[in-house]
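Each chain is listed here by its residues.
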Amino acid sequence: MTTFAFVFPGQGSQSVGMLDGWGDHPVVAQTLQEASEALGEDVGRLIHEGPKEALALTTNTQPVMLVAGVAAWRVWRAEGGALPAAVAGHSLGEYSALVASGVLTLAQAAPLVRLRAAAMQEAVPVGTGAMAAILGLDSAKVIAGCAEAAASFGAGSAEVVEAVNFNDPIQTVIAGTKAGVDKACEVLKAAGAKRALPLPVSAPFHSSLMKPAAEKLRAALAGTSLAVPQIPVLNNVDVAVQQDADAIRDALYRQAFGPVRWVECVQTLKARGVSHIIECGPGKVLTGLTKRIDAELVGATLYDPATLAEAKELLA
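In the annotation of an unreviewed UniProt entry, the entry for the protein reads Malonyl CoA-acyl carrier protein transacylase, and the organism field reads Paenacidovorax monticola. The heading Catalytic activity (unreviewed entry) in the UniProt record of the protein holds the text "holo-[ACP] + malonyl-CoA = malonyl-[ACP] + CoA". Listed under Sequence similarities (unreviewed entry) in UniProt, the entry text for the protein is "Belongs to the fabD family."

## Topic: helix α12 (residues 285-293)
Every buried residue of α12 is accounted for by Leu286, Thr287, Leu289, Thr290 and Ile293. Projection of α12 onto a plane perpendicular to its axis shows the buried side chains occupying an angular sector of 160°, all on one side. Residues of α12 that are buried sit in contact with β1 (4-8), β4 (161-168), β5 (171-177), α11 (262-271), β8 (276-280) and β9 (298-302).

## Side note on the sheet that holds strand β6 (residues 195-198)
Consider a sheet: its strands pair through backbone hydrogen bonds, and that pairing is either parallel or antiparallel. Read from one edge to the other, the open sheet built from four strands follows the order β4-β5-β3-β6, with strand pairing classed as antiparallel. Strands at the two margins of the open sheet, each flanked by one partner only, are β4 and β6. On average, adjacent strands in this sheet sit at an angle of 25° to one another, irrespective of strand direction. Of the pairings in the sheet, the one linking strand β3 (residues 129-135) to β5 comprises seven bridges and is antiparallel in character. If you follow Gly129 over to β5, its bridge partner there is Thr177. The strands touched by helix α7 (residues 139-151) within the sheet are β3, β4 and β5, with β4 carrying the most contacts at an inclination of about 165°.

## Section: the nonpolar core
In terms of nonpolar packing, the biggest core is built from 70 residues, with Phe6, Leu66, Trp76 and Leu302 touching the most fellow members. The element best represented in this core is helix α4 (residues 58-78), accounting for eleven residues. Split by domain, the residues of this core number at least three in each of domain 1 (4-122 + 209-315) and domain 2 (129-202). If sequence neighbours within four positions are ignored, Leu66 has contacts with Tyr95, Ser96, Val99, Leu106, Ala109, Ala110 and Val113.

About the criteria used
- All chains use their own residue numbering, which begins from 1 and follows the written sequence.
- With the structure being a predicted model, the display of local features is reserved for residues of pLDDT at least 70 and the display and counting of side-chain atom pairs for 80 or more, all residues being used for whole-chain, interface and lining totals.
- Values shown for side chains rest on all heavy atoms present in the structure; no hydrogens or waters enter the calculation.
- UniProt positions are given in the numbering used here, feature names are shortened, and annotations may be inferred rather than shown by experiment.
- Only protein chains enter the accessibility calculation, which uses a 1.4 Å probe; a residue is then buried when its area is under 20% of its type maximum, exposed when over 50%, and partly exposed in between.
- Here a helix means four or more residues in a row that DSSP labels H or I, a strand means two or more in a row labelled E, and each is numbered from the N terminus.
- The reported arc concerns the directions from the helix axis to the C-beta atoms and nothing else.
- Only heavy atoms matter for contacts: two residues are in contact if any of them lie within 4.5 Å across the pair.
- A pair of strands is labelled paired if DSSP reports no fewer than 2 bridges between them.
- Geometry is summarised by axes, namely lines fitted to C-alpha atoms with helices restricted to the contacting stretch, and by angles between N-to-C directions that run from 0 to 180 degrees.
- To define a nonpolar core, start from buried Ala, Val, Leu, Ile, Met, Phe, Trp, Tyr and Cys residues and group those joined through side-chain atoms within 4.5 Å.
- Domain ranges listed in this record stem from an automatic or a database domain assignment.

Below, the structure written as structure tokens:
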């Protein structure tokens, strides 16, 4: 049997109608109903009708991406798909991975990610934080450029800029205050970055500015009972597999203001014997990253009946 892992996408892969490909699959309908009851609103209608602007609101994006990933996972299992050797998720996608592993129920996870999203939005006023994708420069140079940019404001400055998403060997996302990110983009372009693209986001996710949000999340996690993982979950913040509930809670808390170490996550999955990585949920972002991180790994997607059939055939 092929050794494979499932990975779950995060914010940015959402689109209006992203579950329409499943038609009226009963497992998807049940998943939407569970999430709607947990959140007190019609999640299926929000995903089906949008509008795009509503889906792009962080407080909506995080729950709908959770639901879309869990729906695809549940269909996979209901249709006879085998258990993966491990699961992981990019940023928010880690919550989908924890539901797949049985650590959290969907009814627990949906309100948690909504709280996480709202706390992140409240932590930094809209317009004062920023993020940018730095392309064509290795991560060590990005880290050094961020440090140089932050230092240029002088000691005691409130300006912040940090490397927060290590997506592939030459794509790193930075985040911080708007002035900090703008300055780092200048520095990094001068250092040889091909592009420095501002991202259309409402908060500087995974930066130290998210610490107040993380504290709110920690309080919510403290009151959430976690089950023992049924599948190993490789986390973002330590690139580690945890069994202990308190260790899992702590990793989720630190993940909110710590970097997403995705390159290392994919490399570690390979080191654990994984040869195929299936992106479970909308879009193909992680599948593209898999190819750029390690060309030997086989990547595939799972977001509708056609890709489900392809994934089954690939792993047979």
